[in-house]
Number of protein chains: 2
Amino acid sequence: MEPTTEHEAELLAADAIGDVIEHWGFRKALGRTWTVLYLHGDALAAADLGERLQMSAGAVSMTVTELQRWGVVRKVWIPGERRDFFEAETDFWKMISKVVQERERFLAVSVRERLGRAQAVLKRRGGGAAARARVERLGRLLNFSTMAETVIESFLASRRVDFGDFGNLLALGRQVTAAAAGKGRKG
Amino acid sequence: MEPTTEHEAELLAADAIGDVIEHWGFRKALGRTWTVLYLHGDALAAADLGERLQMSAGAVSMTVTELQRWGVVRKVWIPGERRDFFEAETDFWKMISKVVQERERFLAVSVRERLGRAQAVLKRRGGGAAARARVERLGRLLNFSTMAETVIESFLASRRVDFGDFGNLLALGRQVTAAAAGKGRKG
DNA sequence: CTAAATCTTCAGAATGTTTTGAAAGTTCAG
DNA sequence: CTGAACTTTCAAAACATTCTGAAGATTTAG
């Protein structure tokens, strides 16, 4: 069924972004809600969101709370209005940085730490050629995850400098290139 | 509880990679299984995997089948052995390319297509200033997803050229930089 | 061909996640 | 204050995903 009304078009876009957000490990509802707010422009009340997206009051409440925790939606106060209104953050880079900072970075660090501990155990226990080969392979995995961390750090650093438009990506390209060149061999 | 035996260390590493793989939207078991094969070096039989990871025969079968579909595990035939043995692909870049190619790329294309359709509807319906602003914002989202696609294509292209070690990353840095510079403004 | 070994499949169980709906909490106008 | 409007919370329901275990299919040795 092709969308024809404005509302259907809105849902089509919201669903597409919902899929992206789900792909990144969040609830679909977060992406859909952000998109509706983003497209609408003006702030919307919780009840509006619930109606547009067919969500219960409870679901809307939890969703906007989480979106605020991630800094991608703000509560705005509208004079003379008793209800809370919400509007979307519109700076994509800001949003992505935040997520990379708090999620990807955390995972990368935790993974590197665990691989490191595992390698330490294998090293300590020694063993024959097979055991040494195992330590070596774990080392490769460790190198790889260290590199992933470097890419993430480069990205975050490029954000801090804050260029306009595509500048961030340009800076990232340069920094990753430099970091990779500096770190040297093995991957 | 700190790991002390070789087996515990293996599980610690397998679990760490399992988390990464889950973060990328696959089943944890895929990451764990690949890691055990990778660390072990020599091919293992399904029953070995089941014992090491405490999985039922059914789960092992489904898991190695899926890993083979993704090209990250191979079935090897061992002369004189009746059972199937499995070994891990060891080229990380090869594995990641495959996933990016089949999953990220697919999603990026599908999202861009849907956003495009949504924008077409809004454009067709016309409307006042608010409606025009909505079309414009949807355009920004569309630009952004086009850019994401470009980054993905650059990555895949850099892989095809195939440099050693960190060369891929260097090439990616250069290509993304070039692509971003070429595409121009707005992000 | 037969029987043992092995692998695959899949219905149902177990587990994990998200949403609902109602109760409790908060805020504010009157 | 009090009560209406609104929001938050959370237990249970709905839903989704993953795993188990056993039946059936397949392979191979004899």
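Quick caveat, the model's predicted, so the values are computed rather than measured.

A. Representation of the overall build of chain A. Counting its secondary structure elements, chain A contains seven helices and three strands. Starting at the N terminus and walking to the C terminus, you meet the elements of chain A as α-α-β-α-α-β-β-α-α-α. Here chain A holds 187 residues, and 48% of them are scored as buried. By sequence separation, contacts in chain A at least 24 residues apart represent 52% of the contacts at least 6 residues apart. In the structure as shown, chain A presents an accessible area of about 9400 Å², 55% of it carried by carbon and sulfur atoms.

B. View of the sheet that holds strand β1 (residues 44-45) of chain A. All names here are of chain A. Taken together, the three strands give an open sheet; going across it, the order is β1-β3-β2, and neighbouring strands pair in antiparallel fashion. Two strands in the sheet have a free side with no partner beyond their single neighbour: β1 and β2 (73-76). Together, β1, β2 and β3 (85-88) form the strand contacts of helix α2 (residues 28-40), whose direction differs from that of β3 by roughly 85°. Sitting on the sheet, helix α4 (residues 57-69) is in contact with β2 and β3, with an inclination near 110° to β2.

C. Representation of the packing of helix α5 (residues 92-125) of chain A against helix α1 (residues 6-23) of chain B. Where α5 of chain A contacts α1 of chain B, the axes come no closer than 8 Å and their chain directions differ by 160°. With respect to each other, α5 of chain A and α1 of chain B are oriented roughly antiparallel. As α5 of chain A runs across α1 of chain B, the sense of the crossing is left-handed. Taken together, the residues of α1 of chain B that come into contact with α5 of chain A (itself represented by R103, E104, L107, V111, R114, L115, R117, A118, V121, L122 and R125 of chain A) are E6, A9, L12, A13, D15, A16, I17, D19, V20 and H23 of chain B.

D. Broad picture of the protein's contact with DNA strand D. In the vicinity of DNA strand D, 16 residues are found, and the nearest of them are S61, R82 and D84 of chain A together with S56 and R82 of chain B. Each atom of DNA strand D within 4 Å of the protein was assigned to sugar, phosphate or base; sugar and phosphate come to 58%. Between DNA strand D and R82 of chain A there is a distance of 3.2 Å, counted from a base nitrogen to a side-chain nitrogen or oxygen. The side chain of R27 of chain B places a nitrogen or oxygen atom 3.2 Å from a phosphate oxygen of DNA strand D. Among the secondary structure elements, those contributing two or more residues to the surface near DNA strand D are α4 of chain A together with α4 (57-69) of chain B. Among the residues forming the surface near DNA strand D, the class breakdown is five nonpolar, five polar and six charged.

E. Summary view of the protein's contact with DNA strand C. Lining the immediate environment of DNA strand C, one finds 16 residues, of which R27 and S56 of chain A together with S61, R82 and D84 of chain B sit closest. Near the protein, meaning within 4 Å, the atoms of DNA strand C are sugar or phosphate in a fraction of 56%, with bases accounting for the rest. The separation between a phosphate oxygen of DNA strand C and a polar side-chain atom of R27 of chain A is 3.1 Å. R82 of chain B places a side-chain nitrogen or oxygen 3.2 Å from a base nitrogen of DNA strand C. For the surface near DNA strand C, the secondary-structure elements that each account for two or more residues are α4 of chain A together with α4 of chain B. In the surface near DNA strand C, the residues fall into five nonpolar, five polar and six charged.

F. Just the sheet that holds strand β1 (residues 44-45) of chain B, in detail. Residue and element names in this part refer to chain B. Read from one edge of the open sheet, three strands run β1-β3-β2, paired in antiparallel fashion. With one partner strand each, in any of the chains shown, β1 and β2 (73-76) form the two edges of the open sheet. Set on the sheet, helix α2 (residues 28-40) makes contact with β1, β2 and β3 (85-88); between it and β3 the angle comes to about 85°.

G. Summary view of the pattern of salt bridges. Summed over the entire model, instances satisfying the criterion amount to 32 salt bridges over all chains. Notably, a salt bridge pairs E113 of chain B with R117 of chain B, separated by 3.1 Å at the nearest N-O pair. Of this pair, E113 of chain B and R117 of chain B are both found in helix α5 (residues 92-125), four residues apart, which corresponds to roughly one turn of the helix. Since its relative accessible area comes to 40%, E113 of chain B is described here as partly exposed. Connected via shared salt-bridge partners are D19, E22 and K28 of chain A together with R114 of chain B.

About the criteria used
- Numbering of residues begins from 1 in every chain and follows the order in which that chain's sequence is written.
- Each chain takes a letter, starting from A, and each ligand takes a number, starting from 1, following the order in which they are written.
- Totals for whole chains, interfaces and linings use all residues, but because this is a predicted model, local features are given only for residues with pLDDT of at least 70 and pairs of side-chain atoms are given and counted only at 80 or more.
- The basis for every side-chain value is the complete set of heavy atoms in the structure, and neither hydrogens nor water enter the calculation.
- Secondary structure elements follow DSSP: runs of H or I no shorter than four residues count as helices, runs of E no shorter than two count as strands, and numbering proceeds from the N terminus.
- A 1.4 Å probe rolled over the protein chains alone gives each residue an accessible area, and that area as a share of the maximum for its type sets the label: buried under 20%, exposed over 50%, partly exposed in between.
- Note on definitions: a residue-residue contact is assigned when non-hydrogen atoms from the two residues lie within 4.5 Å.
- Note on areas: Shrake-Rupley with a 1.4 Å probe; residue coverage comes only from the protein chains shown.
- Two strands make a pair as long as DSSP finds a minimum of two bridges between them.
- Only the stretch in contact is used when a helix axis is fitted, and all axes are lines through C-alpha atoms; the angle between N-to-C directions ranges over 0 to 180 degrees.
- Each angle receives one of four descriptions, namely roughly parallel if under 35 degrees, roughly antiparallel if over 145, roughly perpendicular if within 65 to 115, and oblique otherwise.
- Crossings are assigned a handedness: left-handed for a near helix turned anticlockwise from the far helix by less than a right angle, right-handed for a clockwise turn.
- Proximity is defined per residue: if any heavy atom of the residue lies within 4 Å of a molecule or strand, that residue is considered near it.
- Polar contacts, as counted here, are pairs of nitrogen or oxygen atoms within 3.5 Å of one another; within protein the pair requires one atom able to donate a hydrogen and one able to accept it, and residues that are adjacent in sequence qualify only if both atoms are side-chain atoms.
- Gly is placed with the polar residues, together with every amino acid not listed as nonpolar (Ala, Val, Leu, Ile, Met, Phe, Trp, Tyr, Cys and Pro) or charged (Asp, Glu, Lys and Arg).
- When a carboxyl oxygen of Asp or Glu lies within 4 Å of a side-chain nitrogen of Lys or Arg, that pair is called a salt bridge.

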